[in-house]
Amino acid sequence: MLSWATLAGAAVVLEPNPALRVATAAWVRPTVFHGTAAELAALRKWVEKERKGFFCRDPRLPFRRLRMVLVTGPEALRVEEEAFWSERGVRVWRFSESGSPRTRTWDRAGGGS
């Protein structure tokens, strides 16, 4: 992640307390988020809460800028979680145990490729 950020000129926000990672991400409003399947499920709750406001009825990127989520850790992202992100135009990437990225991208209609 740090190598990519360096090459891309992206800012990196590190939260040392695992219990605060999702809340920090919601506050920062990232363009890319990486975390476990459980952290992505918790981040989804923040996105749903944000969407409940009066001015948030139109479909758009979560936090107005989240474009990609990277799933780390041994547990897989549930199908409905992956569909939630893809329906909002967010690409879902999964890192295999070897550390090489394996991608599954989705179009706005929800179909996989």
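Residues numbered from 1 in each chain as written. Predicted model: local features only at pLDDT ≥ 70, side-chain atom pairs only at ≥ 80, totals over all residues. Heavy atoms only, no water.

> Kindly report on the environment of Ala 42, identifying the contributing residues and their values.
Looking at the secondary structure, you find Ala 42 in helix H3 (residues 37–50). Here the alpha-carbon distance between Ala 42 and Val 22, two residues 20 residues apart in the chain, equals 6.7 Å. (Helix = DSSP H or I, 4+ residues; strand = E, 2+ residues; numbered from the N terminus.)

> An account of the packing of helix H2 (residues 21–28) against H3 is requested, with residue identities and associated values reported.
Helices that pack against each other are described as a pair by the angle of their axes relative to one another and the distance between those axes. Interaxial distance between H2 and H3 falls to 9 Å at its minimum, and their mutual angle equals 45 degrees. With respect to their mutual orientation, H2 and H3 come out oblique. In this structure, H2 meets H3 at a crossing whose hand is right-handed. Contact residues: H2 offers Arg 21, Val 22, Ala 23, Ala 25 and Ala 26, while H3 offers Glu 39, Ala 42, Leu 43 and Trp 46. Residues that form the contact of H2 with H3 fall into these classes: seven nonpolar, no polar and two charged. (Axes fitted to C-alpha atoms, helices over the stretch in contact; angles between N-to-C directions. Parallel < 35°, antiparallel > 145°, perpendicular 65-115°, else oblique. Left-handed = near helix turned anticlockwise from the far one by under 90°. Contact = heavy atoms within 4.5 Å. Nonpolar A, V, L, I, M, F, W, Y, C, P; charged D, E, K, R; others polar.)

> Lay out the pattern of salt bridges with the relevant residues and their values.
Under the definition given, this model contains six salt bridges. Glu 39 is the salt-bridge partner of Arg 21, the closest N and O atoms lying 2.8 Å from each other. Taken as a pair, Arg 21 in helix H2 and Glu 39 in helix H3 lie far apart in primary sequence, 18 residues in all. Residue Arg 21 is classed as partly exposed on the basis of its relative accessible area of 22%. Its relative accessible area of 15% is what places Glu 39 among the buried residues. With a shortest N-O distance of 3.0 Å, Glu 48 and Arg 44 are connected by a salt bridge. Of this pair, Glu 48 and Arg 44 both sit in helix H3, four residues apart, roughly one helical turn. (Salt bridge = Lys/Arg side-chain N within 4 Å of Asp/Glu carboxyl O. Buried < 20%, exposed > 50% of the residue type's maximum accessible area, 1.4 Å probe, protein only.)

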